[in-house]
Amino acid sequence: MEHFVECLGASGEVGRSAFLLQSDKRIMNDYGIKVFDESGLPKYPVHSQIKPEVMILSHGHLDHCGSLPLLYRDSKIQWYGTPPTKDIADILWQDSMKIMGEDIPYEPTHYRKALRQWKPMLYGQTMQIGETQVKTYDAGHIAGSAMVEYDFKDKIFLYTGDFKGEDTYMQKAAKPVKDVDVLMIESTYAKKEHPKRMETEYNFMDEVEMTVEEGGTVLLPAFALGRTQELISIIREHNSEIPVYVDGMGRAITDVYLKYPQYIRDINKFRKDVRSVRMIRSNDDRRNATREPSIIITSAGMMNGGPVLTYLMNLNPKSKIMFTGYCVEGTNGWKLQKHGFVTIDEQDMKVDLPVRYYDFSAHAGRSDILNFIKSANPQKIILVHGDKTQEFAKELVEDFGFDAVAPMIGDRVPIF
Ligand SMILES: [Zn+2]
Ligand SMILES: [Zn+2]
């Protein structure tokens, strides 16, 4: 039998990760959605002739889990994910149905079916799927994020999912994995080095403190999953006084993080930090939050919806908007950073406040990716989840002597 990976998304792009591994079993790795596409419409994994027999979810971000309920329209395969991943996916699916309504091609029945078919997967534990042994490692990206290793006929295939190669407050760095035969690796920042973390933290906090001292509000549009929790911890690491408010879906995700202490690097610090911030629960809370100089952490991270837009309208002139995550072209966050306006209800609105960007990415930077590859020392590298995969493949082949490919969507990459 031929063994291969079929790339159904996130190939030559970021978004809608979906990779079907054919060993003796047909194993779907992730089944995500691309929420923001140039077409203006969400994108789903492309259709495959092959029906998966089982599914493994690396982590709870929508670009990895967002289309999973689609698999439950006409089948009911089991899927595996760590316990936090399952809780996170549950929250994000519900939110997607609420926001996208009829535009999302699955219904509450598929969502409920999907939840019932979940089986827990734990770091370090080996599972047997047919003749294929599956083992997962902490990917250091968000709570519950996993790298998935397949051992089939004594060959090792490793899918990194999204990973981070350095410690954050929330997660421990992913450990290098040795002796991999085929490595399928995310390459979001393969061509970009992140600035030094501590330096970024200090610069960020200087600007935050200055803004608040001068009587302004610091508005932090933040991804609900991972970034909101990390920002709470960064701020409290450096300053225990400034009032911090947390709004949007980040509250529910924070509860998931607290529910699974073994998935957080320093749960005692995080518990203490969370106790010191104020969770916004009503419109009155919202109004009060902008009345005193403070920090407001709220979704959506790219400002396409969520309470962040309400706050934006109520900031005093001494305030600042500080981004800490990537904004896709065309989103409000991108427009605000590039052109100083946002679009609300089809109206363009100019924003006359300083806008900043600090890189607190949860993805491995260029040297982390290179170090990971060198340690794994694979026979073959499959580059996914990046928009410069072709360039990076060329570099790995010509400058580092690896066999590397950058598949496009729909491609089948033979393995072993
Ligand atoms: Zn992710
Ligand atoms: Zn991703």
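You'll find the structure just up there.
Positions within a chain are numbered from 1, following the residues in the order the chain's sequence is written. Whichever chain is written first is A, and whichever ligand is written first is 1; the rest continue in order. Restriction of local features to residues with pLDDT of at least 70 applies here, the model being predicted, together with a cutoff of 80 or more for giving and counting side-chain atom pairs; totals for whole chains, interfaces and linings are based on all residues. To obtain the side-chain values, all non-hydrogen atoms of the structure were used and water was disregarded.

Caption draft 1: Inspection of the layout of surface pockets at higher detail. Note on definitions: the grid is 1 Å and covers protein atoms alone; a cavity is a set of points where a 1.4 Å probe fits but cannot get out; a pocket is an open set with protein on both sides within 12 Å along at least five of seven lines; lining residues have an atom within 4 Å of a point. Grid points are joined across faces, edges and corners, and a volume is the space filled by probe spheres set on the points. Taken as a whole, the second largest pocket spans an internal volume of roughly 390 Å³. Under this grouping Gly is polar, as are all residues other than the nonpolar Ala, Val, Leu, Ile, Met, Phe, Trp, Tyr, Cys and Pro and the charged Asp, Glu, Lys and Arg. Counted by class, the lining of the second largest pocket contains 11 nonpolar, 4 polar and 3 charged residues.

Caption draft 2: Molecular detail of helix α4 (residues 197-213). Secondary structure follows DSSP: runs of H or I at least 4 residues long count as helices, runs of E at least 2 residues long count as strands, and numbering of each begins at the N terminus. Expected span, for any helix, means 1.5 Å times one less than how many residues it has. Helix length check: α4 (17 residues) gives 24 Å between terminal C-alpha atoms against 24 Å at 1.5 Å per residue, within 8%. Partly exposed residues are those whose accessible area sits between 20% and 50% of the maximum for their type, while under 20% is buried and over 50% is exposed, using a 1.4 Å probe and protein chains only. Those residues of α4 not exposed but buried are Arg-197, Thr-200, Glu-201, Phe-204, Met-205, Glu-207, Val-208, Thr-211 and Val-212. One side of α4 carries all its buried residues, which in axial view fall inside an arc of 165°. Away from the buried face of α4 by more than 90 degrees, exposed residues Glu-199 and Glu-213 are located. In this description, contact between two residues means that some pair of their heavy atoms is separated by no more than 4.5 Å. Check the buried side of α4 and you find it contacts β12 (218-221), α5 (227-238), β15 (295-298), β16 (320-323) and β19 (355-357). Each direction from the helix axis to a C-beta atom contributes to the arc, which is the arc of those directions.

Caption draft 3: Up close: the coordination of the zinc ion (ligand 2). The rule for donors is simple: N, O or S, within 2.8 Å of the metal, or within 3.2 Å if the metal is Na, K or Ca. Water isn't counted, so a site may look like it is missing partners. Those protein atoms acting as donors to the zinc ion (ligand 2) are Asp-63 (OD), His-64 (NE2), Asp-162 (OD) and His-385 (NE2), and they sit at 2.1 to 2.2 Å. Between 85 and 135 degrees for all angles marks four donors as tetrahedral; over 155 degrees for opposite donors together with 65 to 115 for all other angles marks four donors as square planar and six as octahedral; every other arrangement is irregular. Geometry at the zinc ion (ligand 2) is irregular, judged from its 4 donor atoms and the angles of 86 to 164° they form at the metal. Read from N- to C-terminus, the donor residues coordinating the zinc ion (ligand 2) fall into the pattern D-H-x97-D-x222-H. A distance of 3.5 Å spans the gap from the zinc ion (ligand 2) to the zinc ion (ligand 1), which Asp-162 bridges by coordinating each metal. Each member of the pair Asp-63 and His-64 is classed as buried.

Caption draft 4: A look at the side chain of Glu-230. With respect to the element layout, Glu-230 can be found in helix α5. Classification of Glu-230 as buried rests on a relative accessible area of 5%. Filtering out sequence-adjacent residues up to four positions away, Glu-230 remains in contact with Thr-168, Tyr-169, Met-170 and Arg-197.

Caption draft 5: Spotlight on unusual backbone geometry. Between Ser-299 and Ala-300 the backbone carries a cis peptide bond, its omega angle lying at 5°. By the secondary structure assignment, Ala-300 is in the loop between β15 and α9 (308-313). Phi at Lys-153 is positive, roughly 50°, even though this residue is not glycine. Since its relative accessible area comes to 57%, Lys-153 is described here as exposed.

Caption draft 6: Structural detail: the coordination of the zinc ion (ligand 1). Coordination of the zinc ion (ligand 1) by the protein involves His-59 (NE2), His-61 (ND1), His-141 (NE2) and Asp-162 (OD), with metal-donor separations of 2.2 to 2.3 Å. In the primary sequence, the donor residues of the zinc ion (ligand 1) line up as H-x1-H-x79-H-x20-D. What makes His-59 buried here is its relative accessible area of 0%. We classify His-61 as buried; its relative accessible area is 18%.

Caption draft 7: Up close: α5. Spanning 12 residues, α5 covers 17 Å between terminal C-alpha atoms, matching the ideal 16 Å at 1.5 Å per step. Most of α5 is tucked away, with 10 of its 12 residues classed as buried. Of all the residues in α5, the buried ones are Arg-227, Thr-228, Gln-229, Glu-230, Leu-231, Ile-232, Ser-233, Ile-234, Ile-235 and Arg-236. Where the residues of α5 are buried, they touch α4, β12, β13 (244-247), α6 (250-259), α7 (267-275) and β15.

Caption draft 8: Region of the structure containing the sheet that holds strand β8 (residues 132-138). Strand order across the open sheet formed by 7 strands is β7-β8-β9-β10-β11-β20-β21, with mixed pairing between neighbours. Edge positions in the sheet fall to β7 (126-129) and β21 (404-405), since each of these pairs with one other strand and no more. Only when DSSP finds a minimum of two bridges between them are two strands counted as paired. Relative to strand β11 (residues 182-186), strand β10 (residues 155-159) runs parallel, the two sharing 3 bridges. Within β11, the residue paired with Leu-158 across the bridge is Leu-183. Strands in contact with helix α11 (residues 366-376) are β9 (146-152), β10, β11 and β20 (380-384); relative to β11, the strand with the most contacts, it is inclined by about 170°. Strands in contact with helix α12 (residues 389-400) are β20 and β21; relative to β20, the strand with the most contacts, it is inclined by about 160°. All axes here are fitted lines through C-alpha atoms, helices being fitted over the stretch that makes contact, and every angle between N-to-C directions spans 0 to 180 degrees.

Caption draft 9: How the structure looks around the pairing of β11. The element β11 is largely enclosed, with a buried count of 5 among its 5 residues. Here β11 shows no split at all, with Val-182, Met-184 and Glu-186 on one side and Leu-183 and Ile-185 on the other all buried. Inspection of the sheet shows β11 paired to β20 by 5 bridges, in the parallel sense. The residue of β20 that forms the bridge with Leu-183 is Ile-381.

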